[in-house]
Amino acid sequence: MLVGRSALETCLTASVLIVGGGPCGLMLANELGRRGVSAILVDEKPGTAFNPQANATQARSMEHYRRLGFADEIRREGLPADYPTDVAYFTRYTGYELARFKLPSSSRAGELVKGMSGSWSAAELPHRVSQKYVEAVLRRHAERLPGIRLSYGHRLISYVESDDGVIAEIECLDDNSRFQVRADFLVGADGPRSMVRQSLGIVYGGETGTQRDFMGGRMLAVYLRSPGFYASIPHAKAWMYNCFNGDRRAFMASVNGRDEFAFHTQLRPDENENAITIDEAKAAFQRACGAPIDCEVLSFLTWTAGHALVANGMQRGRVFLGGDAAHLFTPTGGLGYNTAIEDAVNLGWKLASVIKGVSPAELLDSYEVERRPVALRNTDYARRFADSLGLFAPAPEIEDATDAGDEARRIAGVYLEQHARAEFNIPGVTFGGRYDASPIIVSDGSQPPPDAANVYVPSACPGGRAPHAWLEDGVSLYDLFGFEWTLLQFGEVMSAHSSFAETIRAIGVDVKLVTLPKSLRDLYEADLALIRPDQIVAWRGSASQAGTIGRVLARALGHDASDGARLAS
């Protein structure tokens, strides 16, 4: 970590300059550092997040953390291992319980995953953990990597791009001193007000300003400590507490399972977000509770729900955008942070491949081609979830102890349970993002399965996530993959092709050959499958096509047809 500089240290060099030290920037630093690529990360904040922010890590992100070797560490963070991750709905937290979608604790999820199939055939299940904990883990691992330098308390002032790279001016916020960074590439992961995006003249497109009864408009976020909350609530514990009434709609995530919570409520028309006090933040929490439960406000801020925005571009020359700088979500479904993680994974291996001279610069053009459609898809899903929750208004009598109140609560409960299943059981959203239009995906003419939020059909149709299986010895198929490229063969398909190793050496890429029993062939519906570093199927083929693997790999690395033929020969 950058903590000081000598008088002579006026210019630093690195392959990549990352602006932004949130999940996207930190994940990118880990991806690059693991590949021996140097990077300098700068962020204006003094350190990783203090506020909880995002609270749901989807299974796909957990699979990537597993690939990097620290999924278990992430799963130990946040809630206690035996804490239920239920999503529950109440008139008020001390009032009537309306609906509950039961979900397993982290320890139970670890037990369940090996027995799951179909839509949830995965190496990992979701984990309910606040972003503040995730960022701390990502930072610790990035700091251990040679060539990675994390510079919190620093900001990008300006930069100049040329054919040779980027020269950026950085300011240390402690003493206002400045220095330069020379890098081959710059990545803006600097949030929704991204200076990098604005410098490129790229604007958001999509939907904003949507007004809803809830999750559409001005929101108040309160990070609070309430040691007596659980004892004051006559209901089983939950991870997500939703408050559903006509006075104070809110949701609240348990942060540590003991006394810390992330409370969010929609401000009423008469409430001025610029004049909220600590006492008013505390009162908002207590109104949602329906009782004067004591709390300490650790921090609070206002934000706006109702965005479904995607930048009109994610790359200009040597400069790239990722995370909130490239797409801005209403946080239903927890899709913003998880989409940002996959941005970093996608861009990381490609930057490394170009920087190491394995791929031409044209490979990087595939980043926007692949990730922007997924961002459009995911913001649309998040908008639908927000509509489902926010446009459903509570009946005026929902809190009344009357027959009419009972009926209003019954109707609301049926609807909210259905909504919870739609928003929080989303294997299709989690696993189903695809790169079918990418120039580095080698299509075999097959059709991908339909895209649906709540159903995922595992498929090795090139362009999507590699189908997962638990092997007979209890090992995840993903744990057999190489960190870079993997060629799966079902049976000894490549044994007749002694030139395979020579071809791989000529291309200069790391490919791990994994032999699987023919009994697993039906999972991939092919004799061979080429898996990218991000666990995406780049190509699949029959045994008779084994001799073309060099050309296939060259194309997947971004070489055009003529280069591919030359490299493979």
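Residues numbered from 1 in each chain as written. Predicted model: local features only at pLDDT ≥ 70, side-chain atom pairs only at ≥ 80, totals over all residues. Heavy atoms only, no water.

1. Topic: the overall build of the chain
What the chain contains, in helices and strands, is 16 helices and 22 strands. Scaling as 2.2 N^0.38, a compact globule of 569 residues should have a C-alpha radius of gyration of about 25 Å, and the chain matches this with 25 Å. In the chain, which comprises 569 residues, the share counted as buried stands at 60%. In the chain, the proportion of contacts linking residues at least 24 apart, taken out of those at least 6 apart, comes to 74%. Approximately 22,000 Å² of the chain is accessible, and the part contributed by carbon and sulfur atoms is 50%. Positive and negative charge centroids in the chain, built from 58 and 69 side chains respectively, lie 2 Å apart. (Helix = DSSP H or I, 4+ residues; strand = E, 2+ residues; numbered from the N terminus. Rg over C-alpha atoms; globule rule 2.2 N^0.38 Å. Buried < 20%, exposed > 50% of the residue type's maximum accessible area, 1.4 Å probe, protein only. Contact = heavy atoms within 4.5 Å. Areas by Shrake-Rupley, 256 points an atom, 1.4 Å probe, with all protein chains shown as cover. Lys, Arg positive; Asp, Glu negative; His and termini not counted. Charge placed at Lys NZ, Arg CZ, Asp CG, Glu CD.)

2. Let's talk about the side chain of Asn 346
Position of Asn 346 among the secondary structure elements: in helix α9 (residues 335-355). Among the polar contacts listed, one links the side chain of Asn 346 to the side chain of Tyr 435, at a separation of 3.4 Å. Residues in contact with Asn 346, not counting those within four places in the same chain, are Tyr 367, Glu 370, Arg 371, Tyr 435, Arg 532 and Asp 534. (Polar contact = N/O pair within 3.5 Å; in protein donor to acceptor, adjacent residues only side chain to side chain.)

3. Remarks on the sheet that holds strand β19 (residues 485-490)
Spatially, the four strands line up as an open sheet ordered β20-β19-β21-β22, and their pairing is mixed. Of all the strands in the sheet, the pair left with one neighbour each is β20 (511-516) and β22 (537-541). The sheet shows a mean angle of 15° between the axes of neighbouring strands, direction not considered. Note that strand β21 (residues 528-531) and β22 share four bridges and pair antiparallel. Residue pairing in the sheet places Ile 531 in a bridge with Val 537 of β22. (Pairing = 2+ DSSP bridges. Axes fitted to C-alpha atoms, helices over the stretch in contact; angles between N-to-C directions.)

4. Things to note about the side chain of Asp 259
Tracing the backbone shows Asp 259 in the loop between β12 (250-254) and β13 (260-266). Classification of Asp 259 as buried rests on a relative accessible area of 18%. At 2.9 Å, the side chain of Asp 259 and the side chain of Asn 256 are in polar contact. Beyond its immediate stretch of four places on either side in the chain, Asp 259 contacts Leu 224, Arg 225, Ser 226 and Pro 227.

5. Side note on the packing of helix α13 (residues 500-507) against helix α15 (residues 549-556)
Viewed as axis vectors pointing N to C, α13 and α15 meet at an angle of 25°, and their least axial separation amounts to 10 Å. The orientation of α13 with respect to α15, classified from their angle, is roughly parallel. Our pair here, α13 against α15, has a crossing hand that is right-handed. Each of Phe 500, Thr 503, Ile 504 and Ile 507 in α13 lies in contact with α15, whose residues at this interface are Ile 549, Gly 550, Leu 553 and Ala 554. Here the contact of α13 with α15 is composed, by residue class, of six nonpolar, two polar and no charged. (Parallel < 35°, antiparallel > 145°, perpendicular 65-115°, else oblique. Left-handed = near helix turned anticlockwise from the far one by under 90°. Nonpolar A, V, L, I, M, F, W, Y, C, P; charged D, E, K, R; others polar.)

6. A few points about the confidence of the model for the chain
Parts of the prediction with low pLDDT should not have their coordinates interpreted in detail. Across the chain, the average pLDDT comes to 93, with 97% of residues at or above 70. Across residues 1-8, confidence stays below pLDDT 50; counting only partners more than four residues off in sequence or on other chains, it has 13 contacts. Low confidence marks residues 564-569, where pLDDT is under 50. Its contacts with residues over four positions away, or in another chain, come to 11 contacts. (pLDDT = per-residue confidence, 0-100.)

7. Structural notes on the sheet that holds strand β10 (residues 217-225)
What holds strands together in a sheet is hydrogen bonding between their backbones, with the strands either parallel or antiparallel. Strand order in this open sheet of seven strands is β4-β3-β11-β12-β13-β10-β14, and the pairing throughout is mixed. Only two strands of the sheet have a single neighbouring strand rather than two, namely β4 (97-101) and β14 (296-305). The mean angle between the axes of side-by-side strands here comes to 15°, regardless of whether they run parallel or antiparallel. Its contacts with the sheet place helix α8 (residues 278-289) against β10, β11 (240-243), β12, β13 and β14, and it is angled at close to 80° to β14.

8. A few points about the nonpolar core
Membership of the largest hydrophobic core comes to 94 residues, with the highest contact counts inside it found for Leu 17, Tyr 65, Leu 351 and Trp 485. For this core, the element with the most residues is α9, which contributes 10 residues. If you look at the next biggest cluster of nonpolar residues, it comprises 52 residues, including Val 87, Leu 98, Ala 99 and Met 252. (Core = buried A, V, L, I, M, F, W, Y, C linked by side-chain atoms within 4.5 Å.)

9. So, the environment of Pro 52
Summarising the element assignment, Pro 52 is placed in the loop between β2 (39-43) and α2 (59-68). Taking relative accessible area as the criterion, Pro 52 reaches 4% and is therefore assigned buried. As a C-alpha pair, Pro 52 and His 264 span 212 residues in sequence and 11 Å in three-dimensional space. Beyond its immediate stretch of four places on either side in the chain, Pro 52 contacts Ser 130, Gln 131, Lys 132, Tyr 223, Val 255 and Ala 262.

10. Observations concerning the packing of aromatic side chains
If you walk through the whole model with that rule in mind, you get 25 aromatic pairs. Relative to Tyr 524, the ring of Phe 490 has its centre 5.5 Å away and its plane inclined at 40°; by these criteria the two rings are tilted. One end of the pair, Phe 490, is in strand β19; the other, Tyr 524, is in helix α14 (residues 521-524), and 34 residues separate them in sequence. Here the two residues Phe 490 and Tyr 524 agree in accessibility, since each one is buried. Across from the ring centre of Tyr 230, 4.8 Å away, lies the NZ or CZ of Lys 237, which sits over that ring. (Phe/Tyr/Trp six-rings, centres within 6.5 Å; stacked < 30°, edge-to-face > 60°. Lys NZ or Arg CZ within 6 Å of the ring centre and 35° of its normal.)

11. Thoughts on the pairing of strand β1 (residues 11-19)
Moving residue by residue along a regular strand, the side chains alternate between the two faces of the sheet. Of all nine residues in β1, seven are buried, a share of seventy percent or more. Pairing analysis gives eight bridges linking β1 to strand β8 (residues 178-188), with the strands arranged parallel. Bridging from a neighbouring strand, Leu 17 pairs with Leu 186 of β8. Pairing between β1 and β2: four bridges, direction parallel. Of the residues in β2, the one forming a bridge with Val 16 is Ala 39.

12. A look at the pattern of salt bridges
It is possible for side chains of opposite charge to pair when their charged atoms get near one another. Across all of its chains, the model carries 47 salt bridges by this definition. The closest approach of N and O atoms between Asp 387 and Arg 383, which form a salt bridge, is 3.2 Å. Placement of the pair is Asp 387 and Arg 383 together in helix α10 (residues 365-390), with a separation of four residues, close to one helical turn. Residue Asp 436 is joined to Arg 434 by a salt bridge in which the shortest nitrogen-to-oxygen separation is 2.8 Å. (Salt bridge = Lys/Arg side-chain N within 4 Å of Asp/Glu carboxyl O.)

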